[in-house]
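Coordinate analysis (summary)
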Amino acid sequence: MADPYKPRAPFAPWDRRQLPGLFDVEESARRVGNYKWAEMKLFETLGGWVATVPELDVKMRLGAHCYHHAWHAELWHKRLPELREMNPERLTQPANEAMVRFVQVLAEPEAAEHTIEKLVGVYRVFIPHFIAAYTFHRNNTSEITDAPTIRSLDFALRDEFEDWRDGEMMLQSLIETPEEVDRAAAHQARLEKIMLEAGGIAGPGTIGGV
Amino acid sequence: MRKFFPVEELARDSRFTQINMRQAEADPRTAMVGPNAAKRAKVNRLTPARPDASEAARNLMHGIFVGEIQALEGAGRTCHDFELPDPKNGGATDTVPFALKLDMARQAWDESRHVEISVKLGDWMGSEIGQFAENTVLFEAACSTDPVMRLAGVNRALEGLAIDVFTTMKEFGEIAGDPYLEFCEDWMLADEVTHVKMGSDWLRKVTENDPERRAKALEFQSIVDRLFSFGGARSESEDSPIGLARRFRELAGFTTDEVDDIADVSLAALEARKAFSAAAMAEKP
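Everything numeric here is computed off the predicted structure, so don't read it as measured data.

With 30 residues of chain B at the interface, the matching set in chain A holds 29 residues. Summing both partners gives a buried area of about 2,400 Å² for chain B against chain A, and 73% of it is carried by carbon and sulfur. Our count for the chain B to chain A interface comes out at four salt bridges. One salt bridge connects K59 of chain A with E73 of chain B, and the closest N-O pair in it is separated by 2.6 Å. Joining chain B to chain A, the criterion identifies nine residue pairs in polar contact (both at pLDDT 80 or more).

What follows covers helix α6 (residues 179–206) of chain B. An ideal rise of 1.5 Å per residue puts 40 Å on 28 residues; α6 of chain B measures up with 40 Å between its terminal C-alpha atoms. Between a side-chain oxygen at the N-terminus of α6 of chain B and the backbone nitrogen of Y180 of chain B the separation is 3.2 Å; the capping residue is D178 of chain B.

Residues and elements named next belong to chain A. With a phi close to 70°, R84 is a non-glycine residue in the positive phi region. In this fold, R84 is placed in the loop between α2 (56–82) and α3 (88–91). Accessibility expressed as a relative area gives 56% for R84, which makes it exposed.

Moving on: the packing of α2 of chain A against helix α5 (residues 115–140) of chain A. All names here are of chain A. Where α2 contacts α5, the axes come no closer than 13 Å and their chain directions differ by 30°. One element, α2, and the other, α5, form an angle in the roughly parallel class. α5 is crossed by α2, and the crossing has left-handed handedness. Touching V58, L62, H65, H69 and W76 of α2 are T115, L119, Y123, I127 and Y134, all from α5. For the contact of α2 with α5, the residue count by class is seven nonpolar, three polar and no charged.

What follows concerns the nonpolar core. Considering soluble globular proteins, one finds that nonpolar side chains tend to be buried as a cluster. If you look at the biggest cluster of nonpolar residues, it comprises 74 residues, and the most contacted ones within it are Y35, F43, L62, F102, F126 and I201 of chain A. If you list the elements that add at least two residues to this core, you get α1 (25–49), α2, α4 (97–106), α5, α6 (147–174) and α7 (178–198) of chain A together with α2 (53–81) and α3 (98–125) of chain B. With 12 residues, the single largest contributor to this core is α5 of chain A. Ignoring sequence-local partners within four residues, the contact set of Y35 of chain A consists of W76, F130, A133, Y134, H137, L153, I201 and A202 of chain A. By size, the runner-up hydrophobic cluster in this structure holds 56 residues, among which are M61, L121, V154 and L161 of chain B.

The next thing to look at is the pattern of salt bridges. Summed over all chains, the structure comprises 43 salt bridges over all chains. Here E116 of chain B ties to R61 of chain A by a salt bridge, and the two come within 3.5 Å at their closest N and O atoms. Of the two residues, E116 of chain B is situated in helix α3 and R61 of chain A in helix α2; the pairing between them involves two chains. For D164 of chain B, the salt bridge identified is with R249 of chain B, shortest N-O distance 2.8 Å. Pair noted here: D164 of chain B is in helix α5 (residues 147–176) and R249 of chain B is in helix α8 (residues 246–251), with a separation of 85 residues, a long-range link. Across this residue pair, the class does not change: D164 of chain B and R249 of chain B are buried. What emerges from the salt-bridge pattern is a single network uniting K59 of chain A together with R12, E73 and E134 of chain B.

The next thing to look at is the confidence of the model for chain B. Residue and element names in this part refer to chain B. On average, residues of chain B carry a pLDDT of 87, and 92% of them reach 70 or more. When the elements of chain B are averaged for pLDDT, helix α1 (residues 21–25) gives the smallest value, 76, and α3 the largest, 96. Our summary of model confidence lists the complex with pTM equal to 0.92 and ipTM equal to 0.94.

Rules used throughout
- Residues numbered from 1 in each chain as written.
- Chains lettered and ligands numbered in written order.
- Predicted model: local features only at pLDDT ≥ 70, side-chain atom pairs only at ≥ 80, totals over all residues.
- Heavy atoms only, no water.
- Contact = heavy atoms within 4.5 Å.
- Buried area = accessible area lost by both parts, 1.4 Å probe.
- Salt bridge = Lys/Arg side-chain N within 4 Å of Asp/Glu carboxyl O.
- Polar contact = N/O pair within 3.5 Å; in protein donor to acceptor, adjacent residues only side chain to side chain.
- Helix = DSSP H or I, 4+ residues; strand = E, 2+ residues; numbered from the N terminus.
- Expected span 1.5 Å × (residues − 1).
- Buried < 20%, exposed > 50% of the residue type's maximum accessible area, 1.4 Å probe, protein only.
- Axes fitted to C-alpha atoms, helices over the stretch in contact; angles between N-to-C directions.
- Parallel < 35°, antiparallel > 145°, perpendicular 65-115°, else oblique.
- Left-handed = near helix turned anticlockwise from the far one by under 90°.
- Nonpolar A, V, L, I, M, F, W, Y, C, P; charged D, E, K, R; others polar.
- Core = buried A, V, L, I, M, F, W, Y, C linked by side-chain atoms within 4.5 Å.
- pLDDT = per-residue confidence, 0-100.

In structure tokens form, the structure reads like this:
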């Protein structure tokens, strides 16, 4: 049997985690507050759309996805006090005015005939931007000091990837004509332009480069 | 997207036919009085012994299916229709706490699974989507524009009805020797008890310092409960296909007095239904 008192390296040879990270406590908290605001707006919109969508399979998926994003909002709500923000509402904010406009335009389609626009906004624009923001945060924050945020990011990312796949497949099955391809592309471009102005879910620098 | 979605616009595909409560109660095929009443069984409770048990069970399962769609829509709308409290205006009564919204999102997922389960059970029982009409009274009555009333309407009245329906259907599966049906109903019943408990807890919490508002909400719930007794379709009388699940209701936070009240309201609704049907039949040429 191995000697339990033999000194061992505190980090096993296969554990390559690094201490340095791009974000200090304040920056991590600011981003987390932006994520919570965005996840809240998304789950509220998905919940509202359930009644407006006639396609039964889409209606059921929106109900399930609504909860995924509510759960992410809850994870961020619980993380904020651990990042020294004892009043989580203070940091539960949009990154900027363009993000507010983005959510307004995202939630605009209501008519039963606009399922394509609803799904495009969520699955071709908003969720890919969540994946980008979360991936950047996950790969650039300190793997040791900010490990609780990374754990939540990993849970959220898993949902985002699976929901994106669900949404993209629903869209591909709904788009049947060249005109519908144009409709989808036009709505995507409209939203992407506003997101470009916003600089991403956490504002300029969401995925670095500032 | 608007706040407060009108019931007439609930989106459905072409298989569905929506009707309201008045149309449902005037349907001569299910009237408790008039020429067809004699053809009805003496004991109306849904059991496998009824000669029309298969068709009645399919009908009830389709009712569960469309009811779950409306419950899904109701929970989703609660996530969307109400704002969070503004710290500058803490006393606003048209807002809901963040944690309540999270519970409603969870409920939306649960109801979405219930729709999935109901579709598969309907298929198992040999019915098709749209085979029976959809009565939209659940969404119409429960989805108040006041958040506390909505809690009472959706989580206590509508989900309470679901407890009664699932208990009846679970017993039906048990007696009929259908473990598939019994298994699924038992799982859905567990979720519904959770939803009613959520409603009971939130109602108590949100109206903690406002007894008048709580009383109004409970009064609203009583009105909705009367409606959801579907003219006696749910009561402790053997005349009603659906029983009242006392034990599960108590698990979900209803007091014995409250269950007694629902029992009384349901019986009164049964009598009112008979009178309504008689009047509706008399109006027909």
